[in-house]
Every structure is written in C-alpha cells, then in structure tokens.
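Per-entry structural report
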Amino acid sequence: MTQKKKKHPSGPVYNGAGDPGNGIAGLRGPKQTEEQLKLLLKVVESAANSLLITDADGVIQWVNPAFCEITGYTTGEVVGRKPSILKSGKQDAAFYRSLWETIRSGKVWHGEIVNRRKDDTLYIEEMTITPVRDDAGQISHYIAVKQDITERKRIEKIKNEFISIVSHELRTPLTSIRGSLGLMTGGVAGELPPQAKRLAEIALRNSERLIRLVNDMLDVEKINAGKMSFSMHPHEIAPLVEHALEVNRSYGEQHGVEFVIEDRLGGKASVQVDSDRFEQVITNLLSNAAKFSPPQGKVTVSLGRLNGYVRVSIADRGQGIPEEFHGKIFDAFVQVDSSDTRGKGGSGLGLAISRTIVERLGGEISFESIPGEGSTFHVDLPEWRKSSLAGQVEKDFGKPRILICEDDRSVAAVINTMLKKGGFDTDISYNASQAKQLLAEQRYDALVLDLVMPYQDGISLVREIREDHQFHYLPVIVVSAKAEEGRDILGGSVLGVVDWIEKPIDFSRLIDSVKLATYGSVAGKVRILHVEDDMGIIDLTTDMLKDIAIVSVATTVREGFKRLEKGTFDLVILDLVLADGSGLELLPLLRAGSGKRVPVVIFTGYEIAEENMKDVAAVFYKGHTSAQDLVAAIRSLIKIESASGGEK
Amino acid sequence: MATALTRILLVDDEPDIREVVSLALETIGGFTVEMAKSGREALEMVRQWNPQLILLDVMMPGLDGPGTLGRLKEDPATADIPVVFMTAKAQPQELARFVELGALDVIVKPLDPMTLSERVRSLWEHRND
C-alpha cells in the first residue's frame, strides 16, 4: 500500500490530486479550497444517507453520523475494522465475492443488502460502492453511500399482502352474490316480476363490475411483484380476436354498440402469445371502446400487418382522448374525465395492465385519437413464422443457427446483423420466455444471451435451460454490461458458458466465440461428437476433454445423423445401444465422402462383432474401462491424429 | 365411460357458497348434490356416499383442499374419484400446481352458476382424455 492509512481523516477522500471533483457553486479559486472542504464536510456529516470510506483493503477509515445512527456503532467502534462487522448472514459468500470483485476491478457496485445493527436487529440497505483511484491509477479507497430501506421494504410487503388478502376476501363473498343474482336473473328460483328482474340485473351487472375491479387490482399486484406468468404458444391471430369479440358481444349490446371485424391480413397470420392474456387485452380495449362510443355506435376491429408485426386495431367513434391525457393514458389510475368515470365505470387500471401484458408478449400498444371523431388503439405483435417450426428446419442443415436473447431491440438488431454477416442463421428473442419457446421449437447451435432482462434474467434462464438434458450442452455466449458479475454468480464453466463479453460489444470477439462454439475451429481445439445416452458419462467426458476439445452431444442415432450432417468432427465417440437404434448406423455416414477419415471410438456395454471393428480406431467396454481411461485414450488418439494431420 | 354423472360431492367452508353452488348444480344440471363443510367431513362423506365427482374448495380451515386431495389419492378406494378444485386464488402457477397434484381441473371463483353444470359435465365426460 503506497497510500498512508489515516485512522480518522478529517475530511472526505479525494482522488489524490487534491481536486474535490465538482466545484461547489459560488466557490471558485485556490483560496476557496478550504471553504469548499468545510462545506463538503458539512454536507456529508449532515447527510441522511450513511456514508462510509474504507481503504483499498476494506478497512474503515471514516463514517458519517448517519452511519452511526443507523448501525448503533460509534465512530471509534468501527474505524480500523472492516464492514463485515455488519454481516447478517443473509447473503452467501458468493454475493460478497461478487461485490468485491466488482469494486476491485474498478467498477461501481450497486445493490440491496441485509445488514445487522450493533443491537443484533437486521435492516435492509440500498448501497452504492464507488472505488477511488490515486494519482498512479491504483484504487486507494472505496466510498459507500447507503440508504436504509427497511421501512420502505416493509411497507411494500404489507401493501402487497394487503391487496392479496383483500382481493381474496372480496372474491369469496362475491362468489355468493354473483352466484345468487345469476341464478335469480336466470329464472332458476322462478320467474321474477319485471321490476324485480330489472333490479336483480342491475345488481348482477355491478357485482360483475366489482369482480373486474378486484381482478384488475390483483393483476396490478402480480405485475408489481413480478409474479405475472405467461404461457406462450403460437396461435393464429384471427380466431383469437374473433373469440374475444364473441365473449364481449353482450357487453357491447349493453352499451348499444356493435363490434365489427375487418380482416385485412389476406391469409393466415400467427403470433406467439399467452392466449388468455391476449384476450384480456382485447377485452379491455373492446370494453373501453364500447363505453366511450355513442349509443348505436360501431366499434371496428381490424387485423393487418405492419413491418413484420401483426396489428390489431380497435377503433371507436367516441369523443376521442383530450391531448393533455395523451402522455399518461397508459399510466395506472388515469381516467380521461374523472367526472365521467362514475358513468363509465372502470378502475383506470385496464390500459396500464394491457400495456404491461402486450410488452410481455413482445409487442407494443399505441393509439391515435382525433377529438370529436374517436380513438383507435393498436396492438402490434411480432408475426410468428412457420419457418421456425422444428419440422421444417430439419431440412436445413446449412449454417449454424444462433438464438439471440436480448431485451434491447437495437442491440439485438446489431448482434443479429453481425452474426448474419459472420455466416450464421439467427433468431431473436426479446425476453427469457420467448427464448424458451424458440428453444422448444427449434434446434439451435448456440445462444447469445444478455444477462439483464426484465422478468427473468439471463442467469436464471441459463440455470433453467441447463436442467433440461436437451440443452445441457447448448453453448452460451453471454453479452452483457454485467458479464463479469454474471460469471461470478454462475461460477465460470459450470454452466457451460463459452465466453463472457462485456458491453460495448467487441464484435470480432463475439464472432470468434460463436464460431468456436459452433464449429470448434478456433483456438486449436478439436471437435468431438459424443453419441451417448448416459448423461453421467457425457458429463465426465465433456468435463475431462474441455481443455482440448469442443464436445457436441447426441443422445439418439437420429440426433447423431443431424449433428454429422451439420458439422465436421475430428473424432466421434459412439455408444452402440441407443433408444432409436445402434450407434453403428452412423458409420456409413462417417465413411462417406472423400474427406479426412474421422476416427471412431466405440464405448459400449455390449460385445461388438468382429466385422464392425475394422472401421473403428478403438473399442472400449463399459464396466471394463472407466470414463477416465476412455478420455486418456481419446487424448492420445487426438495427438496421433494431429501429428499425422498434415497429410490430410 | 358411458356412465352419466349424477352424484357430486360439494366441499366448501362457506355456507352461502354451498347453497348457491348446490342450487345451481341441482336445478340447472339436475345432479344430486351432497355437501361437506370441511376436508375431514368430505373424507367421511366420500366413504359413506361414494360420489362420482368432488367439487373441492382450496382454502378451508383445518384440512384444506390440497390436503384432502392427498388423502383421497392415498386410498386406492378413493384415488380414482375425479376432483375439481374451486378457488379464489387465480395465480396461474398455483392453478397448474393443483392440476399436478392430481386435480381434474380448477374452477376460479367467482364462478358463473349458470354455466357451472355444463362445465362440470364436460369435465366429467372428458376426464379420461
């Protein structure tokens, strides 16, 4: 340490040049420096946020009064010690490791942390730690700015629990009310006198309105808690819209409004959506349109295409939306005219919920409005194309196919262009759920993944897909502003991440990584195809060969064929008895063509006939040979092959 | 397979819901309905009365809906009786979890009494699909 450790510096720590950074307004010139220092000291000492300064080793040098107030420690008790005295045990070692690696690498760390006060009680802080460098560019100090958010968290939790309980407690009596009224107006309890029937109908309609309100509140709570889940599937759009219209027709009739559909698609078009949630959006837009239409009005629902999107437009001929509301129409609890609300009914949540849903479906919602003439709401969803159906793709053994998962559309578009230029076929997903859907439908050779995405982050996506054996070895290339943090959390190679690329993206590195992942032709590694259905063996060989080879895995003969047709391999390991046949069926394919002979190693639990042995480099029997021995043999084979490789 | 659905056991701790739902099932669907107000009572009724289908509330004090379903599945004599949950909880993950537990389906409250019988009959007819 070149920096002298001061036990209790009299002021804040500067960047080593004596420059306190941003000047304070009104104070200029060298003579004012002392004034500035005094003023700054006052600011930090009177700040409500707690402030802490450590040296480069994390030893506390200085704390402000707010720190003492929040933690219960005096300055004397903490200076010279490490912030770990506040450790609560609520975060694991990996959390702290990641934090330290971030700040040691010179980056700012920001996050929430549960800490322990001197009196043993726990509190939650939102914290930003900034490294400070000296003249030589070495990190000399760390400054932490912390805000106690315990109370905010507690209130948030209470609020969410309250909404959830109230909603549930409302739905239970509503079941009886709506049920009784439904049976009465349905004539189940006998024919009602006309006036009584009308009153029962009013009560029924209003109980249904209350149910919608409760459901909206529950949806908002789900959205806020990040718990709204989506089950995405490809659907043809027209039947979905027609169904929504059918369901809402009677609501339209209540308002004397007719729903008319205009299909301008000129054929079928599909979108990938959660059909219930999609219908919820259309229902909301239809009910708004009906509410704001003049009596005997017409609401037109049109279907069309726009720039690769399918557009559903719902147009009313109402009063239109006043200009002053245009900027906030999708905000929660916004009513265009609150005096009108009682007449129209509604929570003011519908459009906010609709926007969230449409965005989660990968689309956009917008509107146009002409005062006095009406409003049109547009829902644009990416058109789902049949070409991404797995069945059709099997024919295409051409370029490796890469799935991009990136929520920022412009970044996704740039990655897409670069990969296409690099000779890859690509598909884009804008969130984890779209990525999972595409992975289920289509075979990919690699996944280029952003880490920070809404709803489900990249790390949790990698963890989830790795649980599925199919994707156990799908190469993943992380592209993220938080690539380093992600690597710490995932623990490097454990989850088979091929490369971690920080943003802004170095595209030549990205292309190299994708090539390495798909062709295995970079960095001198050989490419091995392992045809085996025992995941234990695959795990072992893949792990033991990872420093010299890119191992592709096929668990069936069929998959083996696909792999061999798509890529070239330097060596093939074959199991004989597989679910759909024998690994030997692949031999003719390996012997076909005039290229280099691919050495084949058989690793099987069954005896192999003499005539099948002539074409293989080696045969090992499970039970007699361990996976370790197999790997050792393969390593030596690769050496032999590469030594004679010049002749090919 | 050709047996028609006639005997339904309705289990709910809310007396009003029991009354409304049973009225709907009896009057509109023409079913014979017996009622239980708790999971325990339901288990007894099942043995005595042998219903063809059980409409089971999820949140009940004591033995709740999923707990009751678990008991029914443990006993080979009752394991095959189709159970349809009724719940005011509408989280899709929860609904999926109920089906994983072995429920035939989940009906979300507030339910529509006018279409309930038709829905239950359709679930019964497609129970082996």
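Residues numbered from 1 in each chain as written. Chains lettered and ligands numbered in written order. Predicted model: local features only at pLDDT ≥ 70, side-chain atom pairs only at ≥ 80, totals over all residues. Heavy atoms only, no water.

On a plain count of helices and strands, chain A comes out with 21 helices and 24 strands. Buried residues in chain A amount to 46% of all 648 residues. When contacts within chain A are restricted to residue pairs at least 6 apart in sequence, those whose partners lie at least 24 apart make up 62%. Of the accessible surface of chain A, which amounts to about 32,000 Å², a share of 53% is contributed by carbon and sulfur atoms. (Helix = DSSP H or I, 4+ residues; strand = E, 2+ residues; numbered from the N terminus. Buried < 20%, exposed > 50% of the residue type's maximum accessible area, 1.4 Å probe, protein only. Contact = heavy atoms within 4.5 Å. Areas by Shrake-Rupley, 256 points an atom, 1.4 Å probe, with all protein chains shown as cover.)

In terms of regular secondary structure, chain B is built from five helices and five strands. By residue count, 50% of the 129 residues in chain B fall in the buried class. Carbon and sulfur atoms make up 50% of the accessible area of chain B, which amounts to about 6,000 Å² in all.

Residue and element names in this part refer to chain B. Spatial ordering of the open sheet is given by S2-S1-S3-S4-S5, a layout of five strands whose pairing is parallel. Because the sheet does not close on itself, it has two edges, and the strands there are strand S2 (32-36) and strand S5 (105-108). For this sheet, the mean inter-axis angle between neighbouring strands, taken without regard to orientation, is 20°. Sheet analysis places strand S4 (residues 83-87) next to S5, joined by four bridges and oriented parallel. Across the sheet, residue threonine 87 finds its bridge partner in S5, namely valine 108. Contacting strand S1 (7-11), S2 and strand S3 (53-57), helix H1 (residues 15-27) crosses the sheet at an angle of about 165° to S2. (Pairing = 2+ DSSP bridges. Axes fitted to C-alpha atoms, helices over the stretch in contact; angles between N-to-C directions.)

Our focus in this paragraph is the side chain of threonine 87 of chain B. All names here are of chain B. With respect to the helices, strands and loops of the structure, threonine 87 is situated in strand S4. We classify threonine 87 as buried; its relative accessible area is 1%. Here threonine 87 is in contact with Val58, Leu95, Phe98, Val106, Ile107, Val108 and Lys109, once residues within four sequence places are set aside.

Our next topic: the confidence of the model for chain A. All names here are of chain A. Chain-level pLDDT for chain A is 80 on average; 82% of the residues reach the 70-or-more range. Low pLDDT, under 50, characterises residues 1-27; the predicted model gives this stretch 47 contacts beyond four residues in sequence or across chains. Low pLDDT, under 50, characterises residues 338-343; the stretch is placed with four contacts to residues that sit more than four places away or in other chains. (pLDDT = per-residue confidence, 0-100.)

Glancing now at the pattern of salt bridges. Residue and element names in this part refer to chain A. Counted under the stated rule, the structure contains 22 salt bridges over all chains. Of the charged contacts, one joins glutamate 262 and arginine 264 as a salt bridge, the two residues approaching to 2.9 Å between their closest N and O atoms. We classify glutamate 262 as partly exposed; its relative accessible area is 34%. Here aspartate 425 and arginine 401 are joined by a salt bridge, their closest N and O atoms 3.9 Å apart. Linking aspartate 425 in strand S14 (residues 425-429) with arginine 401 in strand S13 (residues 401-405), this pair joins segments that are 24 residues apart in sequence. Across the pair, arginine 401 and aspartate 425 agree in class, each one buried. One connected set of salt bridges, linked through shared partners, spans Glu126, Arg152 and Glu156. (Salt bridge = Lys/Arg side-chain N within 4 Å of Asp/Glu carboxyl O.)

Here we take up the packing of aromatic side chains. Residues and elements named next belong to chain A. Per the stated rule, a full pass over the model turns up seven aromatic pairs over all chains. Look at phenylalanine 95 and tryptophan 109: their rings are 5.7 Å apart centre to centre, the planes differ by 85°, and that puts the pair in the edge-to-face class. Of this pair, phenylalanine 95 sits in helix H4 (residues 93-104) while tryptophan 109 sits in strand S3 (residues 109-116), and the two are 14 residues apart along the sequence. Assessed through its relative accessible area of 22%, phenylalanine 95 is described here as partly exposed. Owing to a relative accessible area of 6%, tryptophan 109 belongs among the buried residues under this scheme. (Phe/Tyr/Trp six-rings, centres within 6.5 Å; stacked < 30°, edge-to-face > 60°.)

So, about the interface of chain A and chain B. Note on interface size: it is often stated as the accessible area lost on association of the parts. On the chain B side, the residues contacting the 18 residues of chain A number 22 residues. Roughly 1,700 Å² of surface becomes buried between chain A and chain B when both sides are summed, with 69% attributable to carbon and sulfur atoms. Applying the counting criterion to the chain A and chain B interface returns three residue pairs in polar contact (both at pLDDT 80 or more). Elements represented by at least two residues in the side of chain A that touches chain B include exactly helix H5 (150-185) and helix H6 (194-224) of chain A. By residue number, the principal contributor to the side of chain A that touches chain B is H5 of chain A, which donates 11 residues. Across the side of chain A that touches chain B, the residue classes break down as four nonpolar, nine polar and five charged. (Buried area = accessible area lost by both parts, 1.4 Å probe. Polar contact = N/O pair within 3.5 Å; in protein donor to acceptor, adjacent residues only side chain to side chain. Nonpolar A, V, L, I, M, F, W, Y, C, P; charged D, E, K, R; others polar.)

Further remarks concern unusual backbone geometry. Each neighbour pair has its own omega, and for lysine 109 of chain B with proline 110 of chain B the value is 0°, a cis peptide bond. The phi dihedral of aspartate 120 of chain A is positive, around 80°, even though this residue is not glycine. Following the sequence through the fold, aspartate 120 of chain A ends up in the loop between S3 and strand S4 (122-133). Taking the relative accessible area as the measure of exposure, aspartate 120 of chain A reaches 51% and is therefore exposed.

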